[in-house]
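Read off the chains here:
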Amino acid sequence: MSKARFLLFLAGSNNLKSKRALSNLKESLRNINYDLTIIDILNNPQVAEQAGVIATPFLIRTLPGPTRRFIGDFSNSEKDFFI
Amino acid sequence: MKNIKKIPSGIDGFDTLSMGGIPEKRMTLLSGTPGSGKSTFCVQFLIGGIELSNEPGVFITFEESPEDIIINMKDFGLDIQKYKYSGFWEFVDISPRIEDDFLVRGDYDLSGLIIRINDAVQKINAKRVVLDSIAVLFNKFPDKSIVRKEIIRLKSCLKSLSVTSIITMEQYEEFGKDSHYNILDFVSDNVILLQNTIFEEHRRRTIEILKYRGVPHKKGRESFTIKKNEGIIIISFERNPNELPLRRERKSTGYIELDDMMGGGFFQGSSILISGQTGTGKTLITLLMLDGSLKNGEKCIMFNFEESREQILQKARNWDIDLERAENEGIFMMSCTYPESQGIEELIVDMKSKIQSFRPDRIYIDSISALERITSYLTFRQSLINLFLFIRENDIIAIFTTTTPTFSDHFNKEMGHISTLADAIILLRYFEHDGLMTRGIGILKMRDSNHSKHFIEYTIDNQGIKILKPIEGRIGIFDSF
């Protein structure tokens, strides 16, 4: 299977919700091959505007297509939820 | 108590209604049925800030795309693009996108929204913010308690930014029925309600301030209209025109024979009602006065709601009055409208703007009975008060005609109320006198002045109206006065 690609938008990287989302995501995807770009919208509000981010944590899967969007801290998520 | 400042709203008439404008650095909820003018109100509020106080504004749109808003507002003559280029206007676009579906798992908040708003406000140093319409968030996100919590957080964010904000909400049911939305009512210090309702068979737009926490405001609904090129205009009547002092200078009525009866003429800035039965010569007397006032060098406008331009020109020609020449000389304007073609609010606004641009000394309105047909009595009266006030403030003499519908009534109930607004009333009546039908003219009232108390007989012939002598002795049967 080709490499999966994810963009994760967080509102600050040190708060509990952001940390939880990141660790839950990594846990769910532990057995697959993926790229993850993390964007802190506190530092990049213009990116949030362009991507239309409203709720956070916000995840976009660009590969494999079609593009999918997810929100939440991804607690209790399995790999199948994202792929 | 803290002294709360109000800032100019940018909406014509709203600052009178609200006694100063929108409370500064607070959140105001603008609630209304679909199509009641909420978005237009918001756009005018931001433009008002830019134009009146040099304050930049942020428009957070949840339904329409920024492109659509820009296009729609062009219809009202509002050029948003211009303000965007000059850095006075910023959009935050929360409107639906094609790729908008998402899956939810676990806890989330609306930090994305709050960060974007914060960023836009700081980027242009905005002082005014509108959110139109925030209720969309309740449909977008499944967890209502999160949305409620985030709206409270958003409010404190706006507070820390020291901006004055308006949030809008669609109102489908009677106020307060839907519990999701109570949060908005709860977080807002101020609530304004816009409605577009059917009242006595006529559509009527109204605005009402339901709550202005700790700040004085006027109570009750006011009518408003949304006009091309001008946006929302509120028809507010803040005081009774009778309370404004009358000027003491008199002007000839325009028809010399009437001047004596009127104690010398009409007062500047007064409203005169000519009430008469069908066929008593109201239009003729109006034309004769018009002719005289034009010859005395007064600029005049005639608003006609019953006859076409051609009919009036022809009638005038029959009495050797050349209205077209007066028009060409720039001292006369004739406006013939079929009142059914628009609402009364729109009509009044239109009359006012014609008066403002032509600056007449005197206006003739033939007849206000035609206006009464197109609206409910309440709106009719409000609109007339508004017009009378405007006339008084602009120092114009206004002559209105009204048709008394039957032979037995001097005034029907409605006209009775209107008559209290007029400064002077001239009655034209049929009388039976010594077995003959005659016409009589009388002054029913003239505020602050002596005037003839007699009914005076007059005749109409090809020379015009001839005022004869007071009617003496017993007169009657048509008369119930």
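The text that follows walks through the structure, step by step, so that each part is easy to find. Keep in mind the model is a prediction, meaning the values are calculated, not measured. (Residues numbered from 1 in each chain as written. Chains lettered and ligands numbered in written order. Predicted model: local features only at pLDDT ≥ 70, side-chain atom pairs only at ≥ 80, totals over all residues. Heavy atoms only, no water.)

### Notes on the pairing of strand β19 (residues 397-404) of chain B
All names here are of chain B.
Okay, step 1: Burial analysis of β19 places 7 of its 8 residues in the buried class, the great majority of the element.
Okay, step 2: Pairing between strand β15 (residues 271-277) and β19: 7 bridges, direction parallel. Looking at the pairing, isoleucine 272 lines up with isoleucine 399 of β19.
Okay, step 3: Direction of pairing for strand β18 (residues 362-366) relative to β19: parallel, over a ladder of 4 bridges. Its bridge partner lying in β19, isoleucine 365 is registered against phenylalanine 400. (Buried < 20%, exposed > 50% of the residue type's maximum accessible area, 1.4 Å probe, protein only. Helix = DSSP H or I, 4+ residues; strand = E, 2+ residues; numbered from the N terminus. Pairing = 2+ DSSP bridges.)

### Some remarks on the nonpolar core
Where a protein is soluble and globular, its nonpolar side chains tend to be buried together.
Okay, step 1: Core analysis: the biggest nonpolar cluster contains 50 residues, and B:Val58, B:Ile60, B:Phe62, B:Leu131, B:Ile134, B:Leu137 and B:Phe141 have the highest contact counts within it.
Okay, step 2: Counting residues per element, this core draws most heavily on helix α5 (residues 111-124) of chain B, at 7 residues.
Okay, step 3: Among residues more than four places away in sequence, those in contact with B:Leu137 are A:Ile54, B:Phe62, B:Leu110, B:Leu113 and B:Val147.
Okay, step 4: If you look at the next biggest cluster of nonpolar residues, it comprises 38 residues, including B:Ile285, B:Leu294, B:Ala326 and B:Ile441. (Core = buried A, V, L, I, M, F, W, Y, C linked by side-chain atoms within 4.5 Å. Contact = heavy atoms within 4.5 Å.)

### Regarding the sheet that holds strand β3 (residues 58-63) of chain A
Okay, step 1: Here 5 strands make up an open sheet; going across it, the order is β2(A)-β1(A)-β3(A)-β4(A)-β6(B) and the pairing mixed. Since the sheet does not close on itself, it has two edges, and those belong to β2 (34-40) of chain A together with β6 (103-104) of chain B, each with one partner.
Okay, step 2: Pairing of strand β1 (residues 4-10) of chain A with β3(A), which is carried by 5 bridges, proceeds in the antiparallel orientation. In the sheet register, A:Leu8 faces β3(A), and the bridge partner there is A:Leu59.

### Overview of the interface of chain A and chain B
Often the size quoted for an interface is simply the accessible area lost on bringing the parts together.
Okay, step 1: Taken together, the 27 residues of chain A in the interface contact 26 residues of chain B.
Okay, step 2: Counting each side, the surface lost to burial between chain A and chain B is near 2,200 Å², with a carbon and sulfur contribution of 55%.
Okay, step 3: Where chain A meets chain B, there are 2 salt bridges.
Okay, step 4: Between B:Asp109 and A:Lys17 there is a salt bridge whose closest N-O contact spans 2.6 Å.
Okay, step 5: Applying the counting criterion to the chain A and chain B interface returns 16 residue pairs in polar contact (both at pLDDT 80 or more).
Okay, step 6: Counting residues per element, the ones that place at least two in the side of chain A that touches chain B are α1 (16-28), α2 (45-51) and β4 (68-71) of chain A. (Buried area = accessible area lost by both parts, 1.4 Å probe. Salt bridge = Lys/Arg side-chain N within 4 Å of Asp/Glu carboxyl O. Polar contact = N/O pair within 3.5 Å; in protein donor to acceptor, adjacent residues only side chain to side chain.)

### Section: the pattern of salt bridges
When the charged atoms of two side chains with opposite charge come close together, those side chains can pair.
Okay, step 1: Under the definition given, this model contains 23 salt bridges over all chains.
Okay, step 2: The closest approach of N and O atoms between A:Asp73 and A:Arg20, which form a salt bridge, is 3.1 Å. Of this pair, A:Asp73 sits in the loop between β4 and α3 (79-82) while A:Arg20 sits in helix α1, and the two are 53 residues apart along the sequence.
Okay, step 3: On the basis of relative accessible area, A:Asp73 is assigned to the buried category, the value being 3%.
Okay, step 4: Overall, A:Arg20 belongs to the partly exposed group, its relative accessible area being 32%.
Okay, step 5: Between A:Glu49 and B:Arg116 there is a salt bridge; the shortest N-O distance is 3.0 Å. Of the two residues, A:Glu49 is situated in helix α2 and B:Arg116 in helix α5; the pairing between them involves two chains.
Okay, step 6: Look at A:Glu49 and you get buried, because its relative accessible area is 17%.
Okay, step 7: When salt bridges that share partners are traced, they join A:Lys17, B:Asp109, B:Glu150 and B:Arg153 into one network.

By themselves, these are just geometric observations and shouldn't be taken as functional.
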